[in-house]
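# Survey of secondary and tertiary structure
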Amino acid sequence: MKAKEYFTTKRIAFMALFTALVAIATFIIQVPSPAGQGYINVGDTMIFVCAALFGPLFSFVAGGLGSAIADMFVAPYYAPFTFVVKGLEGLVAAYIIKGLKKVRCPRPAAYVTAFVAGGLLMSAGYMLVETVLFSWTLGAANFVYNLVQAAVNIVLGFALTMAFCKIRPINRLLDLDGGNAAGVKEGEEKDENRGD
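The paragraphs below set out a description of the structure included in this document. (Residues numbered from 1 in each chain as written. Predicted model: local features only at pLDDT ≥ 70, side-chain atom pairs only at ≥ 80, totals over all residues. Heavy atoms only, no water.)

## Quick word on the packing of aromatic side chains
- By the definition in use, this model includes 12 aromatic pairs.
- Relative to tyrosine 78, the ring of tyrosine 77 lies with its centre 5.0 Å away and its plane at 40°, an arrangement referred to as tilted.
- By relative accessible area, tyrosine 78 is classed as buried at 3%.
- What makes tyrosine 77 partly exposed here is its relative accessible area of 43%.
- Linked through ring pairs, Phe14, Phe18, Phe54 and Phe58 together constitute an aromatic cluster. (Phe/Tyr/Trp six-rings, centres within 6.5 Å; stacked < 30°, edge-to-face > 60°. Buried < 20%, exposed > 50% of the residue type's maximum accessible area, 1.4 Å probe, protein only.)

Laid out in structure tokens, this is it:
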């Protein structure tokens, strides 16, 4: 897809909206990590929804920027690392979904596989960041809590994504390319993600 076809007014508006939703989801529910640094949140839920509905570039921008914006208010020193880790989480999950849909993997299996991969990447990414910034003991301790966060967000993200795929008014609203962003047309299933 050419840049001017990809960056339509509607797509840019949705990218800004989902960036804000990621930031809000990250900021509004925070459980301080028992290990002493960082916090557990549900921002990954919206990143996973982006990965399923909109594709890799969209997910990287909304996930990375939205999460970094939330960190600027809570833990500013994390913000640049969060941009990379959360952006890659969305990017990788979206590419996995695209790849699995091309080989006609059932949608639920594609979403679960992609979300699990994204959650593991996020957990490993923060373990590396916290090991470099603080210590390997803190990095390892927070890895466990990040896995818990990932598991919760995988469940929430899957439920929300599947709901979006089944609600026709939302599908019509998300119709960005003349096809359906969620991959569903009225009365039929589409195998290919139209996000990128």
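Text resumes after the structure shown.
## Some remarks on the nonpolar core
- One finds Phe18, Leu53, Phe54, Phe58, Ile97, Tyr111 and Phe115 to be the most contacted residues of the largest nonpolar core, which totals 27 residues.
- At the level of secondary structure, the elements contributing two or more residues to this core comprise α2 (9-28), α3 (43-53), α4 (56-74), α5 (79-102), α6 (107-133) and α7 (136-166).
- For this core, the leading source of residues is α3, giving 8 residues. (Core = buried A, V, L, I, M, F, W, Y, C linked by side-chain atoms within 4.5 Å. Helix = DSSP H or I, 4+ residues; strand = E, 2+ residues; numbered from the N terminus.)

## Observations concerning the packing of α2 against α3
- Taken N-terminus to C-terminus, the directions of α2 and α3 make an angle of 155°; their axes are 7 Å apart at the nearest point. Relative to α3, the element α2 is oriented roughly antiparallel. For the pair α2 and α3, the contacting residues are Phe18, Leu21, Val22, Ala25 and Thr26 in the first and Gly43, Met46, Ile47, Val49 and Cys50 in the second.
- For the contact of α2 with α3, the class distribution of residues is 8 nonpolar, 2 polar and no charged. (Axes fitted to C-alpha atoms, helices over the stretch in contact; angles between N-to-C directions. Parallel < 35°, antiparallel > 145°, perpendicular 65-115°, else oblique. Contact = heavy atoms within 4.5 Å. Nonpolar A, V, L, I, M, F, W, Y, C, P; charged D, E, K, R; others polar.)

Everything listed is a geometric property; what it means functionally is a separate question.
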